[in-house]
Every structure is written in structure tokens, then in C-alpha cells.
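Each chain, written out:
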Amino acid sequence: MHVMQERHSAYRPDIDGLRAIAVLAVVGYHAFPGIIRGGFVGVDVFFVISGFLISSFILTEIHVGNFSLTNFYARRIRRIFPALILVTSATLAFGWYALSQSEYIELGKLTVASAAFVANFALWDASGYFNIAAEFKPLLHLWSLGIEEQFYIIWPILLTLFWRKWKRIQTAIFALVLLSFALNIFLMQRDPVAAFFLPFSRFWELLLGAFLAYKNMATAGTDESRKTVNAPAKARALLRNVISVIGLLLILGSVLLLRKDMAYPGWWVLLPTVGTLLHIWAGPNAWLNRAISGHRMLVFIGLISYPLYLWHWPMIAYIKILGFDWSVNAIRTLKACAVIVAGIAAWLTYQYVEKPIRRAKYLTHVPSLCIAMSFIMTLGIVVYVAEGFVGRFSDTERQVLKIANDAATGYDENYRNGTCLLRRDQSFHDFSPACFAKFGADEIAGG
């Protein structure tokens, strides 16, 4: 067994900067899709970063003999639950005032799925990420959180099992990367929505980061590592810088060049994922990692990237839901304001919600957080079972909603849609004589 160093324990500001690039890409795409057309790849950057950091942590704890699944899951709860509880509860509360009956029912269902970390399955069953209808789901973005947490339910257990045959861990991780990526390509030919949302066609992205984490630790102190250390300093620095530049160019190139109408994830997802892998691999001493990724402004955004990711989309989605009669310029201005407000909310969440909970004693707050998340799930169930609380609306509003719901569910005959109420693609000759049934035949003949 190789002697492994706890190399991941040193804080790397360049990785927080990379998080910032990822979240800015996603936020930019959601707010201004006509400009930042490939910003959705930021999620893939997040996956690789997460796989690298969390796997480094798990491997080190396993190595020193103090890894505990209970403690690991408790840390995940303290990391993920606080901001998620706050955002989902705020989104559900605002939906009471902003959403129609059917929209609120859908939000209730998605709230339950999000609290259970299976939003990706709920969205796969409902619609694709790039569908127009999906743009009006305030919790659409939580599909990625579902995939990540599903991975971390399985991965620590697998790593613990792999550890018993340490020499084969690298092969096992690499084989899993290939299998998962192959499933992604296979599903893209048959069900692209499934390829996007299902966990097993996405796990390879987190495993890619895990593979790098293993390589970094397994080669520390070995002959391979010593050869690298003994190489000329200028050559090492040049290699790091080249790898760093290539990695960042692949990420930025995918943000600028990819489009939602391309077959994604598919083969295209290699651009941001391999780019992220290379940029991390270059290390914190590469010039680009120090000067750009490690810049204090990007590092700050990276620190609040998780709550920023959570807050930005519900705000943008509600602007879309409420803004049917607004001008394009007004909507763009409001979206820009929403991004700013989301940034402020993210900082407040990080400063006054996340940090205090992280600084508390290790297991403190975990039971309370689990109870709070269960309460959010229960609220979502209540909204769904209560059919969106139609009592929120006035009598007139309920009548309008009934007509709209009946038409949407196919009961056009109740309102003679297409016969007495003509659509734009119909002519006057499509009127049915039955439309005048309440008048006498003589009245019709006489005009």
C-alpha cells in the first residue's frame, strides 16, 4: 500500500474560484440565455469539483482509520440542509401569492421531491431541463443537488469496500467512470431527457474528480512523485501552467460555444468536465490558478456559490411567471435585479445561517435540521393533497381557473372550444349551427 499524504487538507482558493466561475456561468445562463448560451455546463464543473474534494476527504479519513459513515452523513446534512430549508420554504411561501392552482400543486410535488433529494427523477418524469415549460418551475435547479446526494449515499460505502484492495482502487474508479459515461452516450441515442436527469448517467462526472483525488494521494511519496519533484523547476512550472490554461479554456469555451439544442450531455460534456479536471490537476501554484482562479473576488463568490445557486433560480422563475405582459427590456432589468438580490441573499445565508451551524459542535443541529426538512416535505405534501389550496382565490378567480383547468384537461366540449369559441387558426365557417341553438330557427333565418 502506498504511503499517502493528506495533500487535500491544505485549503485551495483556486478551487473556490473555480466554483465561482461555475455558478456565474449557471446564473448567467438562467438570467440571460441569449448571451451566456452554454452556462448550463457550470453544473458539470460543480460535479467534478465535488467529486474531487469529497473523495479526497473520505480517502484520507479511511487511510488514518477514523472514517465513519454516520459522521460523514452528519457533515453532509450540516452542509446541505440549512440553506436548502431556507430557500425551499421561501419559494413555497411566495408561491401561495404568485402561483395558480395547477402551478402550486406542481410546486408542492417538486418540494417533496427536492426535500427527498429525488428532484431529478420528478423532472425526468415531467419534462426536460431545456423545455419551455420547465422554465416556470421555481425549483427546477434542484435536480443537480439530487444527483449529487444520490452519489454520496453510495460512494462512501463503495470506497470503504474498495479500500480492502487498495491496489485496485484506481482500476475500479476508472471502470466506473467508463461505465457511467457509456450509459450517458447510450441514453443520448434513446432518451436524452433520461441521460440528463438520471444519476447513473451522470455519476461519472463526480467519479472523474474522485479519480484525480485518488491519483494525487496514491502518488504522494512514491517514485513517480519524486521524479516529478526532481524534474527541472522551470519544466514543472511550464507543465502546470499549460495544463491550467488548457483546462480553463475548455471550461470557458464550453460556456461560450455550447447551445441547449446540442446533444447534451453526450460527448459535449467532456469539454467542461475534462477542463475542470485539468485545471484542478495543475495545482494551486500554476500562475492562472493563483492569479485568476485564486483571485479574492472569485474566491468570495465561490464561498457563497451554494446559497447563490439555490436562491437565484426561484427569483428568476417567479419573474418569468409573473411577467407575461412586461416588455423584454423590463424583464431583463428585473432579472439583473434578481441576480443582485440573490447575491445579497446568498451572502446573508452564508454569513448568518451556514457559518454558525458549521462552527457549532459536531453533531449539534443535525436532528433539528432533519426535523425541519421533514416539515418542508410535509408542507409540500399538504399543498399537493389540498390541490393547491384553491380557497386562496376569490369566487371570480376560481371560475376563471375552473375554465382554464377544464380546457387544459381536455373538456373542451363543456365550453364548445373550436366550435363556438374559435381558435386563431379557424375561420367563421367553423362555427357550429348548435352555437345558435338557443335562438329560434326563424330568428336565425331573419338574422
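Analysis parameters
The residue numbering used here restarts from 1 in each chain and proceeds along that chain's sequence as written. Since the coordinates come from a predicted model, pLDDT governs what is reported: local features require at least 70, and pairs of side-chain atoms require 80 or more to be given and counted, while whole-chain, interface and lining totals use all residues. Hydrogens are left out, water is left out, and the side-chain values use all remaining heavy atoms of the structure. The set of buried Ala, Val, Leu, Ile, Met, Phe, Trp, Tyr and Cys residues whose side-chain atoms join them within 4.5 Å is what this entry labels a nonpolar core. Only protein chains enter the area calculation, which uses a 1.4 Å probe; residues under 20% of their type maximum are buried, those over 50% are exposed, and those in between are partly exposed. Only DSSP runs of H or I covering at least 4 residues are called helices, and only runs of E covering at least 2 are called strands; the numbering of each starts at the N terminus. Any two residues having at least one pair of non-hydrogen atoms within 4.5 Å are treated as being in contact. A helix is expected to reach a length of 1.5 Å times the quantity of its residues less one. Angles run from 0 to 180 degrees between N-to-C directions of axes, and those axes are lines fitted to C-alpha atoms, restricted for helices to the stretch in contact. We call two directions roughly parallel when the angle between them is under 35 degrees, roughly antiparallel when it is over 145, roughly perpendicular when it lies between 65 and 115, and oblique otherwise. In this scheme, a crossing is called left-handed if the near helix is turned counterclockwise away from the far one by less than a right angle; it is called right-handed if the turn is clockwise. Only Asp, Glu, Lys and Arg are considered charged, only Ala, Val, Leu, Ile, Met, Phe, Trp, Tyr, Cys and Pro nonpolar, and every remaining residue, Gly among them, polar.

Trainee: I keep staring at the nonpolar core and nothing clicks. Help me out?
Mentor: It is characteristic of soluble globular proteins that their nonpolar side chains tend to be buried jointly. Core analysis: the largest hydrophobic core is formed by 110 residues, its most contacted members being Ile58, Phe81, Leu84, Trp143, Trp155 and Leu310. Element by element, the count of residues in this core is highest for helix 9 (residues 203-218), at twelve residues. Each residue touching Ile58, except ones within four places of it in the same chain, is listed here: Phe67, Phe72, Trp155, Pro156 and Leu159. In this structure, Leu187, Ala194, Ala195 and Leu198 belong to the second largest nonpolar core, which totals five residues.

Trainee: Teacher, can you tell me more about unusual backbone geometry here?
Mentor: Glycine aside, the phi torsion of most residues is negative, and most peptide linkages are trans. Geometrically, the link from Tyr264 to Pro265 is a cis peptide bond, its omega value of 15 degrees lying close to zero. Tracing the chain through its elements places Pro265 in the loop between helix 11 (233-257) and helix 12 (270-281). A positive phi is found at Phe117, a non-glycine position, where the angle reads about 60 degrees. Inspection of the secondary structure puts Phe117 in the loop between helix 4 (101-115) and helix 5 (119-126). Not every positive phi belongs to a glycine, and Glu387 is a case in point at roughly 55 degrees. Here Glu387 shows up in the loop between helix 17 (366-385) and helix 18 (395-408).

Trainee: Looking at this structure, I do not really get helix 12. What am I missing?
Mentor: An α-helix turns once every 3.6 residues. As a result, residues three or four positions apart point the same way. With twelve residues, helix 12 extends 16 Å between its outermost C-alpha atoms, agreeing within 8% with the 16 Å of an ideal straight helix rising 1.5 Å per residue. Two residues or fewer past helix 12, Gly283 is found with a positive phi of approximately 90 degrees.

Trainee: Mind showing me how you'd approach the packing of helix 9 against helix 12 here?
Mentor: Two packed helices can be described by the angle between their axes and the distance between those axes. As a packed pair, helix 9 and helix 12 sit with axes 11 Å apart at the nearest point and diverge in direction by 20 degrees. By the angle between their directions, the pair helix 9 and helix 12 is classed as roughly parallel. Note on packing geometry: the crossing formed by helix 9 with helix 12 is right-handed. Contacts between helix 9 and helix 12 involve Trp204, Glu205, Leu208, Leu212 and Asn216 on the former and, on the latter, Leu270, Thr273, Val274, Leu277, Ile280 and Trp281. Along the lines of polarity and charge, the residues of the contact of helix 9 with helix 12 split into eight nonpolar, two polar and one charged.

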